[in-house]
Amino acid sequence: MSVQVRLPAALRTFTGGQETVALEGRTVAEALDGLFARHPALRRQLLNESGKLRNFVNLYLNDDDTRDLKGLSTPVKDGDVILIVPAIAGGADATPPCAPSGDALGRMGGGADARDLTQEELLRYNRHIIMPEVGLAGQKKISNARVLCIGAGGLGSPLSLYLAAAGIGKLGLVDFDAVEASNLQRQILHSTAWVGRSKLESARERLKALNPNVDIELHEARLTAANALEILKDYDVIADGTDNFPTRYLVNDACVLLGKPNAYGSVFRFEGQASVFWAQRGPCYRCLYHEPPPPGLVPSCAEGGVLGVLPGVIGTIQAIETLKIILGAGRPLIGRLLLLDALAMEWRTVNLKKNPDCPICGKSPTIKSLIDYEAFCGVKQSPAAAPPEIAVEDLKAMLDRRESFVLLDVREPHEYELAAIAGSKLIPLGQLAARLGELDKSAKYVVHCKMGGRSAKAVKLLREKGFDATNVAGGIDAWSRRIDPTVPTY
Amino acid sequence: MTLKIPRSLIEQVFSDSEKAYPEESCGLLIAELPGDFGRPGRTLAVLEARAATNQFDASARGRRYQIDPRLFAKVESELSGSGRAIAGFYHSHPDVPAWPSPFDLEAAWPGYSYWIVSVRSGKACDSRSWVRSEDGRGFIEEAVVEEG
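This is a predicted model, so every value here is computed, not measured.

What counts and what doesn't
- Residues numbered from 1 in each chain as written.
- Chains lettered and ligands numbered in written order.
- Predicted model: local features only at pLDDT ≥ 70, side-chain atom pairs only at ≥ 80, totals over all residues.
- Helix = DSSP H or I, 4+ residues; strand = E, 2+ residues; numbered from the N terminus.
- Buried ≥ 20, exposed ≤ 12 C-beta atoms within 10 Å, placed from the backbone.
- Contact = placed C-beta atoms within 7 Å.
- pLDDT = per-residue confidence, 0-100.
- Pairing = 2+ DSSP bridges.
- Axes fitted to C-alpha atoms, helices over the stretch in contact; angles between N-to-C directions.
- Core = buried A, V, L, I, M, F, W, Y, C linked by C-beta atoms within 7 Å.
- Nonpolar A, V, L, I, M, F, W, Y, C, P; charged D, E, K, R; others polar.
- Parallel < 35°, antiparallel > 145°, perpendicular 65-115°, else oblique.
- Left-handed = near helix turned anticlockwise from the far one by under 90°.
- Expected span 1.5 Å × (residues − 1).
- Arc of directions from axis to C-beta.

## Digging into the overall build of chain A
Next, step 1: Of regular secondary structure, chain A possesses 18 helices and 19 strands.
Next, step 2: Counting every position in chain A, which comprises 490 residues, the buried fraction comes to 42%.
Next, step 3: Contacts in chain A between residues far apart in sequence, at least 24 positions, make up 67% of those at least 6 positions apart.

## So, the overall build of chain B
Next, step 1: Secondary structure summary: chain B contains 3 helices and 8 strands in total.
Next, step 2: The order of helices and strands in chain B, counted from the N terminus, is β-α-β-β-β-α-β-α-β-β-β.
Next, step 3: Every one of the 148 residues in chain B was classed for burial, and the buried ones make up 49%.
Next, step 4: Within chain B, contacts between residues separated by at least 24 positions form 64% of all contacts whose residues are at least 6 apart in sequence.

## Points about the confidence of the model for chain B
Residue and element names in this part refer to chain B.
Next, step 1: In the predicted model, chain B carries a mean pLDDT of 90, and the fraction of residues at 70 or more is 100%.
Next, step 2: Of all secondary-structure elements in chain B, the lowest mean pLDDT belongs to helix α3 (residues 102–106), at 81, while strand β2 (residues 26–32) reaches the highest, 97.
Next, step 3: With a pTM of 0.51, the predicted complex shows an ipTM of 0.86.

## Brief notes about the sheet that holds strand β1 (residues 2–6) of chain B
Residue and element names in this part refer to chain B.
Next, step 1: As summarised here, the arrangement of the 7 strands in space is β1-β3-β2-β5-β6-β7-β8, forming a closed barrel in which the pairing is mixed. Taken over all neighbouring pairs, the strand axes of this sheet differ in orientation by 35 degrees on average, direction set aside.
Next, step 2: By the bridge criterion, 7 bridges tie strand β5 (residues 84–94) to strand β6 (residues 113–120) in an arrangement that is parallel. Residue pairing across strands places F89 opposite Y114, the latter belonging to β6.

## Let's talk about the nonpolar core
Next, step 1: Ranked by internal contacts, the top residues of the largest apolar core, which has 71 residues, are V147 and L171 of chain A.
Next, step 2: Apart from residues no more than four positions distant in its own chain, L171 of chain A is found in contact with V147, C149, S160, L163, A164, L207, V214 and I216 of chain A.
Next, step 3: Formed by 60 residues, the second largest nonpolar core is a distinct cluster that contains A9 of chain A together with L44, F56 and A98 of chain B.

## What to know about the pairing of strand β12 (residues 271–277) of chain A
All names here are of chain A.
Next, step 1: The element β12 is extensively covered by neighbouring structure, given that 5 of its 7 residues are classed as buried.
Next, step 2: Sheet topology places strand β11 (residues 262–268) next to β12; 7 bridges connect them, and they run antiparallel. Note that in β12 the partner of G265 across the bridge is A274.
Next, step 3: With antiparallel pairing between neighbouring strands as the criterion, β11 and β12 make up a hairpin whose turn holds 2 residues, including R269 at a positive phi of roughly 55 degrees.

## Focus on the interface of chain B and chain A
Next, step 1: Listed by partner, the interface residues are 36 residues for chain B and 31 residues for chain A.
Next, step 2: Looking at the side of chain B that touches chain A, the element that brings in the most residues is β5 of chain B, giving 6 residues.
Next, step 3: Its residues assigned to classes, the side of chain B that touches chain A shows 20 nonpolar, 9 polar and 7 charged.
Next, step 4: Here 3 bridges tie strand β6 (residues 88–90) of chain A to strand β4 (residues 65–67) of chain B, and the two strands are oriented antiparallel to one another. If you follow A89 of chain A over to β4 of chain B, its bridge partner there is Q66 of chain B.

## Topic: the packing of helix α6 (residues 156–166) of chain A against helix α12 (residues 310–327) of chain A
Residues and elements named next belong to chain A.
Next, step 1: The N-to-C vectors of α6 and α12 enclose an angle of 40 degrees; their axes lie 7 Å apart at closest approach. Regarding the angle of α6 to α12, the classification is oblique. In the crossing of α6 with α12, the sense of the turn from one axis to the other is right-handed. When α6 is examined against α12, the residues S157, P158, L159, Y162, L163 and A166 are found in contact with a partner set consisting of P311, G312, G315, T316, Q318, A319, T322 and L323.
Next, step 2: A class-by-class count of the residues in the contact of α6 with α12 yields 8 nonpolar, 6 polar and no charged.

## What about helix α7 (residues 199–210) of chain A?
Residue pairs spaced three or four apart in an α-helix point in one direction, given the helix's 3.6 residues per turn.
All names here are of chain A.
Next, step 1: An ideal rise of 1.5 Å per residue puts 16 Å on 12 residues; α7 measures up with 16 Å between its terminal C-alpha atoms.
Next, step 2: Among the residues of α7, those classed as buried are K199, L200, S202, A203, R206 and L207. Buried residues of α7, seen end-on, are gathered within an arc of 155 degrees and therefore sit on one face of the element.
Next, step 3: Contact partners of the buried residues in α7: α6, β8 (170–175) and β9 (215–220).

## A few points about α6 of chain A
All names here are of chain A.
Next, step 1: The buried count for α6 comes to 9 of 11 residues, which makes it a mostly enclosed element.
Next, step 2: Structurally, α6 contributes buried residues whose contacts are with α5 (135–143), β7 (146–150), β8, α7, β10 (237–240) and α12.
Next, step 3: Where α6 ends, the next residue or the one after it, G167, has phi of about 90 degrees, a positive value.

## Quick notes on the packing of α5 of chain A against α12 of chain A
Residue and element names in this part refer to chain A.
Next, step 1: The geometry of α5 relative to α12 is characterised by a closest axis approach of 9 Å and an angle of 115 degrees between their N-to-C directions. With respect to α12, the element α5 is oriented roughly perpendicular. Crossing angle aside, the handedness with which α5 passes α12 is right-handed. Counting all contacts with α5, which are made through G138, K141 and I142, the residues of α12 involved are L323, I326 and L327.

## A look at the confidence of the model for chain A
All names here are of chain A.
Next, step 1: The predicted model of chain A has a mean per-residue pLDDT of 88, with 92% of residues at 70 or higher.
Next, step 2: In the predicted structure, residues 94–104 sits below a pLDDT of 50 and forms 31 contacts with residues beyond four places in sequence or in another chain.
Next, step 3: Note on residues 106–113: pLDDT under 50 across the span, and 13 contacts to partners over four residues away in sequence or across chains.

## Considering the pairing of strand β13 (residues 336–341) of chain A
Next, step 1: Pairing of β12 of chain A with β13 of chain A involves 4 bridges; the strand directions are antiparallel. Paired with Q273 of chain A across the two strands is L339 of chain A, which belongs to β13 of chain A.

## Considering unusual backbone geometry
Next, step 1: In this structure, the amide linkage connecting Y21 of chain B to the following residue, P22 of chain B, adopts the cis form with an omega of 5 degrees.
Next, step 2: Residues other than glycine seldom take positive phi values, yet M345 of chain A does so here, at roughly 50 degrees.
Next, step 3: With respect to the helices and strands, the residue M345 of chain A is situated in the loop between β13 and β14 (346–351).
Next, step 4: Not every positive phi belongs to a glycine, and R402 of chain A is a case in point at roughly 55 degrees.

## Describing the sheet that holds strand β4 (residues 64–65) of chain A
Residues and elements named next belong to chain A.
Next, step 1: Spatially, the 5 strands line up as an open sheet ordered β2-β1-β5-β3-β4, and their pairing is mixed. Two strands lie at the open edges of the sheet, namely β2 (20–24) and β4, each paired on one side alone.
Next, step 2: Sheet strands touched by helix α1 (residues 28–38): β1 (2–6), β2, β3 (57–61) and β5 (81–86). Its angle to β2, the strand with the most contacts, is close to 120 degrees.

## Some details on the environment of S157 of chain A
Residues and elements named next belong to chain A.
Next, step 1: Turning to its location among the elements, S157 is positioned in helix α6.
Next, step 2: Given 26 C-beta atoms within 10 Å, S157 falls into the buried group.
Next, step 3: For the pair S157 and A203, spaced 46 residues apart in sequence, the C-alpha to C-alpha distance is 8.3 Å.
Next, step 4: When neighbours within four sequence positions are excluded, S157 is seen to be in contact with Q187, I188, L189 and G315.

Right, here's the structure in full:
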């Protein structure tokens, strides 16, 4: 029988471009044998190793699928046309590459309240969307997530800027400070023109300009045990960028009580730390630091300084961890503390264990509600234990009356060079115990430092040693602001 | 390699793909078959895009497509001897980038253009076209050139 085999375009390269091949045979199989004899490479395209038709290959005899006839044994007659018909199929992955590997927060992305992305957003977040780990589903999660940044300062700046750029749905900020000139060296959220005005308003203007799609919620308040749960409860992830221990413990405890993840970071001088504290999945801040250090021992950045770029590094790590938690992508920094020594430029990771005896996230917690964190951290002491202190106005009056006392400055020499109150005597806190011999027990001592923390410690030490010592609340910082503006603040 | 498509056909295919969402659309691309079809560097000028019914099992049509071989056979017979042929296919990827999937590769034939339209939240927003590499191990992206 004389038949024609017609080839699809895909197979015509094997026949030198020929669309049809005329062959002899009594069955489809015989016709194919003739085809393979003439064009051997076609065999491998159409048949598998055991001589059966490959998947994705259909043979039609005139208008009928040979599978509905007698397959390869179907007889043929003169003038028949055997059509090789590729099965055309395909499609997206069974597991779409855009589906992140597990949703850390359950609610996000899939909820009924999930917001779709506009055309403008699809373009804006393109570099996210094209990554399999994010994809459209991941970006939707980001765009429906609610993140609270505690502090709009050094860490809060890169945190909120990158989170806003990433398209976080609702970005909350807690702060109550005004922008100060000494903030600008690191708090890149704020610009020179905003000095003296609200940090949060400054932040809102900057973040809205960066990404108007982000809903910015301002909480212009000091975070306290009274308001923390109320403020935190409506957010999915908390990013702690605070610079003091009472707030850090407060944020930790509130996150543990609410079951929320805390993307934590802290910086001091040339060193930084970052971790994710999430009591449901790992340790909390209290597992790491059961109790705060004695007041005054660990100076704040205001007292000890910080390399301006450092919060930029640590804050962006917090932003990355926040996005990972939202996406459920990768391995979050849970149970690990990342330590950066910027002078040596060395990173270390230490593993953290959940403390079964942790007072808040352990097996039998003793802390079941928020406490007084100022007292817990010794910042606000009980009246009996608190060293006597005076306000800067009192100090001014004493100086004006030429009262007899020694004004003792316990800051570091380089701070003394920057700003000092006339007539003060400098003994850095660290040297005080060793230099008590220089002091006269019959004299009256009024002690100050930058903010009042180190001097409180000095007063405690002096009083223990039998000296008449009084602390200056607010330190030279308050002096510059309220008494003598010619003394620079730093 | 290049796939030239008239703007009206792009609009037609995008619109079909949006209508099919959240299922995958699919169809045939018909072109004058160039002498170097199946070789690197060839250019295809699409003359017609013919929508096909997605024959895949209904439960999986959001991530799979299958073109009825009867339609393929019918169109090939119709075009026989005209110099035109089925030279490629289009299909959509709902809410997934316009990259070929492993399954696309498994089912891919040599020479054809596989033009994929990414439809996100019901809106066709991106398309890319792919040709199986000679060794069959992957896809090579070709330029999609909009004409007229």
